[in-house]
Structures are given as structure tokens and as C-alpha cells.
Amino acid sequence: MAAADVQEFLQQNRALADQVETHRGVSETAKQWDARREFLLRNSAEYDEDRTDQLLALSMVWANHVFMGCRYNTELVEKVNEMAEGIVVEDAPVFKTRDEIMKKQQVQQAWTRSVTVGWRHGSPPPSWTDGDNEE
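Residues numbered from 1 in each chain as written. Predicted model: local features only at pLDDT ≥ 70, side-chain atom pairs only at ≥ 80, totals over all residues. Heavy atoms only, no water.

Right, let's get into the overall build of the protein chain. Looking only at helices and strands, the protein chain features six helices and zero strands. Each helix (α) and strand (β) of the protein chain, taken in turn from the N terminus, gives the series α-α-α-α-α-α. Across the 135 residues in the protein chain, those meeting the buried criterion constitute 26%. For the protein chain, contacts bridging at least 24 residues in sequence account for 49% of all contacts bridging at least 6. A total accessible area of about 9,900 Å² is found for the protein chain, and carbon and sulfur atoms account for 51% of it. (Helix = DSSP H or I, 4+ residues; strand = E, 2+ residues; numbered from the N terminus. Buried < 20%, exposed > 50% of the residue type's maximum accessible area, 1.4 Å probe, protein only. Contact = heavy atoms within 4.5 Å. Areas by Shrake-Rupley, 256 points an atom, 1.4 Å probe, with all protein chains shown as cover.)

What follows concerns the packing of helix α3 (residues 30-43) against helix α4 (residues 52-68). The contact between α3 and α4 brings their axes to 10 Å, and the two run at 140°. The pairing of α3 with α4 is recorded here as oblique in orientation. In terms of crossing hand, the pair formed by α3 and α4 is right-handed. For the pair α3 and α4, the contacting residues are Lys31, Gln32, Ala35, Arg36, Phe39, Leu40 and Asn43 in the first and Leu55, Leu56, Leu58, Ser59, Met60, Trp62, Ala63 and Phe67 in the second. (Axes fitted to C-alpha atoms, helices over the stretch in contact; angles between N-to-C directions. Parallel < 35°, antiparallel > 145°, perpendicular 65-115°, else oblique. Left-handed = near helix turned anticlockwise from the far one by under 90°.)

Here we come to a negative patch on the surface. A cluster of like negative charges, contributed by Glu75, Glu78, Glu82 and Glu85, occupies part of the molecular surface. With respect to the helices and strands, Glu85 occurs in the loop between α5 (74-83) and α6 (98-120). (Patch = residues over 30% accessible without salt bridge, like charges linked within 9 Å, V, L, I, M, F, W, Y side chains within 5 Å. Salt bridge = Lys/Arg side-chain N within 4 Å of Asp/Glu carboxyl O. Lys, Arg positive; Asp, Glu negative; His and termini not counted. Charge placed at Lys NZ, Arg CZ, Asp CG, Glu CD.)

The next thing to look at is the confidence of the model for the protein chain. Per-residue confidence for the protein chain averages 82 on the pLDDT scale, and 79% of its residues sit at or above 70. The lowest-confidence element of the protein chain is helix α1 (residues 3-12), averaging 68 in pLDDT; the highest-confidence one is α5, averaging 97. (pLDDT = per-residue confidence, 0-100.)

With that settled, the discussion passes to the pattern of salt bridges. Applying the stated criterion to the full structure yields four salt bridges. Of the charged contacts, one joins Arg37 and Glu21 as a salt bridge, the two residues approaching to 2.9 Å between their closest N and O atoms. Placement of the pair is Arg37 in helix α3 and Glu21 in helix α2 (residues 14-21), with a sequence separation of 16 residues. When its relative accessible area of 8% is taken as the criterion, Arg37 is described as buried.

Right under this line is the structure:
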């Protein structure tokens, strides 16, 4: 559903729209709420009134995963991603794992050490190898 489609659906289904609006979190941004509301609307037909809490929990898992980088069990993430298929989140944040950050830092440290050791042993740092420093 595009944003315009969601608005049209809400206008045609005021009772459902009013019910869904009661589930907005006080700290949710408009961007987060628009996406989570679409998640709820897309999946409301499969979750009857007795299972509303389960649908709300799944919507929060999806939103937390997308917007805050929270990590969950693989099966759960696959389920909520399947439920959210087709929902477009523009400018969604990109998160890196601790391992990715540590690996990048290790590569940078190794490069710095190799440059520093080479420089100490007579070879100039890479930025000096433009030919201007020949003796």
C-alpha cells in the first residue's frame, strides 16, 4: 500500500481506522507510526479480536527491528518481514553489528601499524609518495 492507498483505506473504513489509531505509541514518530499502522492494517484480517495483542506485539517487533536495529530470533524476524512484505520505509536506518564494527576497526588499526612501521624504517607514509620527496 502506498501512503495514498493507506489514507483512502482509512477514509473508507473509519471504525477500523479509529481502532488502529488507539494503538499508536506516545514515542513513535510519524514515520514509524505510518509504517506500523500499515503493518497492522495489512494483517488485521488474519488476527481476530482475541488475537489483537499478538498482532500488536508482532508489529512492535517489526518496527523495533526496522527503526531501532533490535535483533530477534531468526524465525520471528522472517515471520514479521513476511507480514510486512510490500511496506516501503523510506530512509530506514542502517545498523551494523558489533562484529562488523570491530572488524572495520581492526582493519584500520592494521593499516595504521603498517604505515607507521614502514615510515619508521625509512619509507615515507603513503601521502608522501608523490615524487616530491626524493633525495
